[in-house]
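This is what each chain is made of:
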Amino acid sequence: KIMRVEKAVADGLGLDIDVKNAQGILVVNVGFHTTEISILSLGGIVLSKLIKIGGQKFDESIKNAIRKEYSLIVGNKTAESVKISLEEAGKGAIVYGRDIVTGLPMEKEIPTDLVSESMLENFNVIIDNIRVILERTPPELSADIFRRGIYLTGGASQVNHLAELLAKGTGLKVNVSENPVSGVALGLAKIIKDDNYKSVAYLEGMSR
């Protein structure tokens, strides 16, 4: 017997939200390949939108910005480490890459502002899509979301200033997950262990 659980529902449980109640819950999961924006209520998904923007796109934007500004080619791992150093320290990062003109190895310090600005376009697409979902949300659930705010999770959600920009762009408070990477797994563990949440899982091949 194979049981299915909607990712956003598991996310909600991983965030310690009682997803079975009638209130509207807005969960934004920023992963590596995609961002999933979901409205939950009564243990299921009311509305959901998946967009192809996530940590990988953030890395590509950083690589492109460094290439354009400094004529320097860096790899995916370097771009990711720049992104992580920004999250941790909020200061510039030293990178090693290949000079486009000379073809020789080169070292450069990349300022924080360049990295932040390079990802801004991606952040704005996420904000625009959250707004689209909010415009389609039933009024009674909108009131709940206004009170509770956005629940932000996913491995790439920790990137610098994202939570702050989402709050500014939507006018809602942003609740940041303490376990953004393992939230879905923690939610599944709750469903497995707690009979109260068994009903959010359903048989493979059955529609909800």
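Thresholds applied
Residues numbered from 1 in each chain as written. Predicted model: local features only at pLDDT ≥ 70, side-chain atom pairs only at ≥ 80, totals over all residues. Heavy atoms only, no water. Axes fitted to C-alpha atoms, helices over the stretch in contact; angles between N-to-C directions. Helix = DSSP H or I, 4+ residues; strand = E, 2+ residues; numbered from the N terminus. Parallel < 35°, antiparallel > 145°, perpendicular 65-115°, else oblique. Left-handed = near helix turned anticlockwise from the far one by under 90°. Contact = heavy atoms within 4.5 Å. Nonpolar A, V, L, I, M, F, W, Y, C, P; charged D, E, K, R; others polar. 1 Å grid on protein atoms, 1.4 Å probe; cavity = no way out; pocket = protein on both sides within 12 Å on 5 of 7 lines; lining within 4 Å. Points joined across faces, edges and corners; volume = space filled by probe spheres on them. Core = buried A, V, L, I, M, F, W, Y, C linked by side-chain atoms within 4.5 Å. Buried < 20%, exposed > 50% of the residue type's maximum accessible area, 1.4 Å probe, protein only. Salt bridge = Lys/Arg side-chain N within 4 Å of Asp/Glu carboxyl O. Pairing = 2+ DSSP bridges.

Chemist: When you look at the packing of helix H2 (residues 55–70) against helix H4 (residues 112–136) in this model, what are you seeing that I'm missing?
Modeler: Helices that pack against each other are described as a pair by the angle of their axes relative to one another and the distance between those axes. As a packed pair, H2 and H4 sit with axes 8 Å apart at the nearest point and diverge in direction by 140 degrees. Judged by the inter-axis angle, H2 sits oblique to H4. Classified by chirality, the crossing of H4 by H2 is right-handed. Residue-level contacts link Lys-57, Phe-58, Ser-61, Ile-62, Ala-65, Glu-69 and Tyr-70 of H2 to Leu-114, Val-115, Ser-118, Met-119, Asn-122, Phe-123 and Ile-126 of H4. Class assignment for the residues of the contact of H2 with H4 results in 9 nonpolar, 3 polar and 2 charged.

Chemist: Explanation requested: empty space enclosed by the protein in the structure shown.
Modeler: Rolled over the atoms, a probe as big as a water molecule pinpoints where empty space is left. All chains considered together, the criterion is met by 1 cavity of 30 Å³ or more. Lys-7, Ala-8, Asp-11, Val-27, Asn-29, Glu-36 and Ser-38 are the residues that line the largest cavity. Listed by contribution, the elements that provide at least two residues to the lining of the largest cavity are helix H1 (7–14), strand S2 (25–30) and strand S3 (35–41). Among the elements that take part in the lining of the largest cavity, H1 stands out by supplying 3 residues, more than any other.

Chemist: Which parts of the structure should I look at to understand the nonpolar core?
Modeler: Soluble globular proteins tend to pack their nonpolar side chains together in the buried interior. With 37 residues, the main nonpolar core has Leu-26 and Phe-58 as its most contacted residues. Per element, the largest residue contribution to this core is 8 residues, and it comes from H4. With residues up to four places along the chain from it excluded, the contact list for Phe-58 reads Val-30, Ile-53, Lys-83, Met-119, Asn-122, Phe-123, Ile-126, Ala-156 and Val-159.

Chemist: Help me understand the pattern of salt bridges in this model?
Modeler: Once the charged atoms of two side chains with opposite charge are near each other, the side chains can pair. Inspection of every chain in the model, using the stated rule, returns 5 salt bridges. With a closest N to O distance of 2.6 Å, Arg-147 and Asp-144 form a salt bridge. Of this pair, Arg-147 and Asp-144 are both found in helix H5 (residues 139–148), 3 residues apart, which corresponds to roughly one turn of the helix. By relative accessible area, which is 53% here, Arg-147 ends up exposed.

Chemist: Explanation requested: the pairing of S3 in the structure shown.
Modeler: Within a regular beta strand, the side chains point alternately toward one face of the sheet and then the other, so they alternate between its two faces. When you tally the buried positions in S3, you get 7 out of 7 residues, the bulk of the element. On S3, burial covers both faces: Thr-35, Ile-37, Ile-39 and Ser-41 on one face and Glu-36, Ser-38 and Leu-40 on the other are all buried. As judged from the 6 bridges shared by S2 and S3, these two strands associate in the antiparallel manner. What sits directly across from Val-30, in S3, is Thr-35. Pairing of S3 with strand S4 (residues 44–51), which is carried by 7 bridges, proceeds in the antiparallel orientation. By the bridge assignment for S4, Ile-37 is matched with Lys-49. Counted between consecutive antiparallel strands, the loop separating S3 from S4 contains 2 residues, among which Leu-42 sits at a positive phi close to 50 degrees.

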